[in-house]
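Tertiary structure, described
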Amino acid sequence: MKVNVVTFPGSNCDKDVGTILSTVYHADVNYVWHREQFNDLPDLVVLPGGFSFGDYLRTGAMAKFSPAMESVFAYAKKGGKVLGICNGFQILTEAGLLPGALLHNRSLKYVCKDVNLLPVSNNKIAKSIKQSSLTVPIAHGEGAYYADKDTLQTLEEEGNIVFRYEENPNGSLHDIAGISDKAGKIIGMMPHPERAINPYIGNEDGKFILDAILEKLS
């Protein structure tokens, strides 16, 4: 399995997710600097968490113009699988690869804690997760998912909501913690599964999430 992890100025989870993918899933991980483009067709492209370009203007607003994103657009158009975690989710919405937007937490405070996620059974990715609830950390100041009424209805009806929060930590509409496109190829989520996969921290629930996303890739 080959994975490209795109690193932006301010990314701070690129090595975290890359290390997990290489050590746990034995992936061949290539780190792509945001000024670079890639022409290969990896099995997965990851947009990691962090604070791309310092979150100036809006989270992800500047990162979407990076040259590497041209390659991500082309890759996604060919049916490639893209995973955006936290800041990566924000970039996917800013770039229009996923609908909606991530707004300031309703508390206007940065939230960093473990949350319980509920996999949504009618989603192509989440339906393979047998656990009814997963404990995964979040760490964001702008994680409140917003979309208009019609978009929310479409997400619900087409089974594009991957995870909901059991107790909403940020004001996300419909308790949304993660969504996918209709094909289940482009996935965005605010929680960090790569931070809940090491047995030394006593929580490996993130592996159930990554297993579902990476299913059939390796």
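Read on for an overview of the structure.

Conventions we followed
Residues numbered from 1 in each chain as written. Predicted model: local features only at pLDDT ≥ 70, side-chain atom pairs only at ≥ 80, totals over all residues. Heavy atoms only, no water. Phe/Tyr/Trp six-rings, centres within 6.5 Å; stacked < 30°, edge-to-face > 60°. Helix = DSSP H or I, 4+ residues; strand = E, 2+ residues; numbered from the N terminus. Buried < 20%, exposed > 50% of the residue type's maximum accessible area, 1.4 Å probe, protein only. Core = buried A, V, L, I, M, F, W, Y, C linked by side-chain atoms within 4.5 Å. Contact = heavy atoms within 4.5 Å. Pairing = 2+ DSSP bridges. Patch = residues over 30% accessible without salt bridge, like charges linked within 9 Å, V, L, I, M, F, W, Y side chains within 5 Å. Areas by Shrake-Rupley, 256 points an atom, 1.4 Å probe, with all protein chains shown as cover. Salt bridge = Lys/Arg side-chain N within 4 Å of Asp/Glu carboxyl O. Axes fitted to C-alpha atoms, helices over the stretch in contact; angles between N-to-C directions.

Another aspect to go through is the packing of aromatic side chains. Geometry of an aromatic ring pair is reported as the spacing of the ring centres plus the angle between the planes. Here the structure, examined in full by the defined rule, presents 2 aromatic pairs. For the ring pair F38 and Y75, a centre distance of 6.4 Å and an interplane angle of 70° mean the geometry is edge-to-face. Here the residue F38 occupies a position in the loop between β2 (28–33) and β3 (44–47), and Y75 occupies one in helix α2 (residues 67–77), the gap between them amounting to 37 residues. Y75 shares its class with F38; the two are buried.

With that settled, the discussion passes to the nonpolar core. Residues L21, L47, V72, L117, Y145 and F163 are the most contacted members of the largest nonpolar core, which totals 65 residues. Discounting residues that sit within four places of it in the chain, V72 has contacts with V6, F38, V45, L47, V82 and L97.

To continue, consider the pairing of strand β1 (residues 2–7). Of all 6 residues making up β1, 5 are buried, and the element is well covered by its neighbours. Pairing of β1 with β3, which is carried by 3 bridges, proceeds in the parallel orientation. Considered in β3, the bridge of V3 is made with L44.

For K207, the position within the fold is in helix α5 (residues 205–214). Look at K207 and you get partly exposed, because its relative accessible area is 31%. A sequence separation of 13 residues divides K207 from E194, and the C-alpha atoms of the two residues are 7.7 Å apart. In this structure, K207 is in contact with V24, Y25, A196 and I197, ignoring residues within four places of it in sequence.

Turning our eyes to something else, we now look at a nonpolar patch on the surface. On the surface, Y56, L57 and M62 cluster together into a nonpolar patch covering about 370 Å² of accessible area. Within the secondary structure, M62 is located in the loop between β3 and α2.

In this section: the pairing of strand β6 (residues 111–119). Bridge count between β6 and strand β7 (residues 134–140): 7 bridges; the pairing is antiparallel. Residue K113 lies in a different strand from β7, and its bridge partner there is I138. Inspection of the sheet shows β6 paired to strand β9 (residues 161–165) by 3 bridges, in the antiparallel sense. In the sheet register, L117 faces β9, and the bridge partner there is Y165.

This paragraph deals with the sheet that holds β3. Spatially, 9 strands are ordered β2-β1-β3-β4-β11-β10-β9-β6-β7 in an open sheet, and the strand pairing comes out mixed. Looking at which strands have only one partner, the edges of the open sheet turn out to be β2 and β7. Neighbouring strand axes in the sheet, compared pairwise and without regard to direction, differ in orientation by 25° on average. Here helix α3 (residues 87–94) sits on the sheet and contacts β3, β4 (82–85), β10 (176–180) and β11 (186–189); the angle it forms with β4, its principal contact strand, is near 120°. Along the sheet, α5 makes contact with β3, β4, β6, β7, β9 and β11, crossing β7 at roughly 90°.

Any functional reading would require information beyond the geometric quantities listed.
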